[in-house]
Amino acid sequence: MEKTRGNQVDLLHGSIMKSLVIFALPILISNVFQQMYNTVDTMMVGNILGETALAAIGASSPIYDLLVGFALGIGGGLSIVTARSYGTGNRELLKRSVACAMLIGTTAALAITVLAQAGAYPLLQLLNTPQEIIGEAKSYISTITLFTLVMVAYNLCSGLLQATGNSLAPLIFLMISSVLNIGLDYLFIAKTDMGIRGAAVATVISQGVSVILCIGYIFRCCQMLVPEKKHFRVDKSLFLEMMEQGLAVAFMRCIVSAGSVILQYGINGLGYLTIAGHTTARKIYMFCNMPFTSMASAVSTFVSQNRGAGQRERIRRAIRSVIIYNIVMAAAVTVFLGFTAPALVSWISGSKETVILENGSEYLRVVAPFYAVLGAVFDLRFALQGLGKKILPLVSSLIEFIGKILFVVILIPHFQYQAVIFCEPAIWCVMAVQLAYSFLTNPYLRGEETGK
């Protein structure tokens, strides 16, 4: 039996794989719940407000992902350093890390808010957003980014709890937030004339409630995360470490988002039926991807804590274990999609068009075995971040970005959708090699760095 303190999973002792699975399971459920909520939210906007409102949200998504994703990436980087501080067993260092995370997170959120309010409309124009939806798109993104601080606070609180091995409490708060969000969506969209802005207001309010619940839980059940006034005195070395880690993760997210936008540009030239088939397949892809992203999140906390505790061999054993986990899960997904891909594409898309069904099904069946490689990319990237490496994970994102540009410029024009199907699996393989080499030659794991 794993040693636990309340809802905390002990990642520093005992069975490695059992601890990782117990810790990753609430994260997996959170991801599934969030994805289901997003689907319901999209359906509600489309069915009640119509295609124009739905298109307006879609048009604002790239901007939202880049701006808010940058802020949330900073929060993710900060929690990595906090988990490492927790692993040292030094509670004073932990509290100083939390205080530093609060200062950096607040500053980043306010900067993103100002940038979004000033730049949302020009960016929408730059993306050639149709005039009939640009007004609603601006209304949505301006409203939701006005409260970036709320979103950052929620994700930072969740990240801090996960840094101590507690992934269950964030799941509960997410479930409350999601249910409340759906109810408020119906209230503001169907029962008032707020239009698309109602969806943004519903999101902000529900996340605000979760922030209050999360902070209350931390004060009541996790006092080790509550800093005092003295902990807010700036520790220059700690501040720089957290800022560098936060910016590294934030830029990594932005580069990945930019690469996806570029790939979508290539897909857009293949016709609306191909776009529809690929869009449907990607929704199914995201659900199948969750067991791998959830385990990677667990690996991030595990490596950060054990790096703080100076347990090199435990980190090496964990990576070997999750590589086997990825292979087993990828085999299961491959068998599942081999039998169900056409039916799933037809169900999600609501279409019987041959192009949509064949393209979507082929994409899923080709990508499925490569989930083992993608899982390794996630795990190694997060492990390197947990070890304090900032540039090496960023290099993998640059490989992805450049690879997608090459596919869009050179291969997709000649090989059409076949190039789209093999684009990401090919890039994942290159990324996996770079990350595996970086992990295996890491000085700390090779015993060339002393101390914790």
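In this text, all values refer to a predicted model and were calculated from it rather than measured experimentally. (Residues numbered from 1 in each chain as written. Predicted model: local features only at pLDDT ≥ 70, side-chain atom pairs only at ≥ 80, totals over all residues. Heavy atoms only, no water.)

1. Side note on the overall build of the protein
Secondary structure summary: the protein contains 14 helices and 2 strands in total. Split into buried and exposed, the 452 residues of the protein put 52% on the buried side. Within the protein, contacts between residues at least 6 apart in sequence are counted, and of these 81% link residues at least 24 apart. (Helix = DSSP H or I, 4+ residues; strand = E, 2+ residues; numbered from the N terminus. Buried < 20%, exposed > 50% of the residue type's maximum accessible area, 1.4 Å probe, protein only. Contact = heavy atoms within 4.5 Å.)

2. Side note on unusual backbone geometry
At Gln416, a residue that is not glycine, the phi angle is positive and equals roughly 55°. Relative to the helices and strands, Gln416 resides in the loop between helix H13 (391-415) and helix H14 (417-440).

3. Digging into the state of the cysteines
Applying the stated criterion across every chain yields a total of 0 disulfides. In this structure Cys214 is not part of a disulfide, and its nearest cysteine sulfur, from Cys157, lies 4.3 Å away. Judged by its relative accessible area of 0%, Cys214 is buried. (Disulfide = S-S within 2.5 Å.)

4. As for the nonpolar core
The nonpolar side chains of a soluble globular protein tend to be buried with one another. Core analysis: the largest hydrophobic core is formed by 63 residues, its most contacted members being Leu364, Tyr371 and Phe439. The next biggest cluster of nonpolar side chains, apart from the first, holds 41 residues, and it includes Ile74, Leu78, Ala101 and Ala137. (Core = buried A, V, L, I, M, F, W, Y, C linked by side-chain atoms within 4.5 Å.)

5. Topic: the packing of aromatic side chains
Following the criterion strictly, the structure yields 5 aromatic pairs and no others. Centroid distance Tyr285 to Trp428: 6.4 Å. Interplanar angle 15°. Geometry classified as stacked. Of the two residues, Tyr285 is situated in helix H9 (residues 272-308) and Trp428 in helix H14; the sequence distance between them amounts to 143 residues. Here Tyr285 and Trp428 have matching classes, each one buried. (Phe/Tyr/Trp six-rings, centres within 6.5 Å; stacked < 30°, edge-to-face > 60°.)

6. Topic: the side chain of Gln207
In this fold, Gln207 is placed in helix H7 (residues 196-221). What makes Gln207 buried here is its relative accessible area of 15%. Not counting residues within four places of it along the chain, the set of residues in contact with Gln207 comprises Val150, Met151, Tyr154 and Ser177.

7. Some details on the pattern of salt bridges
With the rule as written, the count across this model stands at 5 salt bridges. Salt-bridge contacts for Arg316 lead to Glu313; the nearest nitrogen and oxygen are separated by 3.0 Å. In this pair, Arg316 and Glu313 are both assigned in helix H10 (residues 312-349), 3 residues apart and thus about one turn of the helix distant. The class of Glu313 is partly exposed, set by a relative accessible area of 38%. Put simply, Lys404 and Glu424 hold a salt bridge, and the shortest N to O gap is 3.4 Å. Here Lys404, found in helix H13, pairs with Glu424, found in helix H14; they are 20 residues apart in sequence, far enough to count as distant. Here the two residues Lys404 and Glu424 agree in accessibility, since each one is buried. The network of salt bridges with common partners includes Glu313, Arg316 and Arg320. (Salt bridge = Lys/Arg side-chain N within 4 Å of Asp/Glu carboxyl O.)

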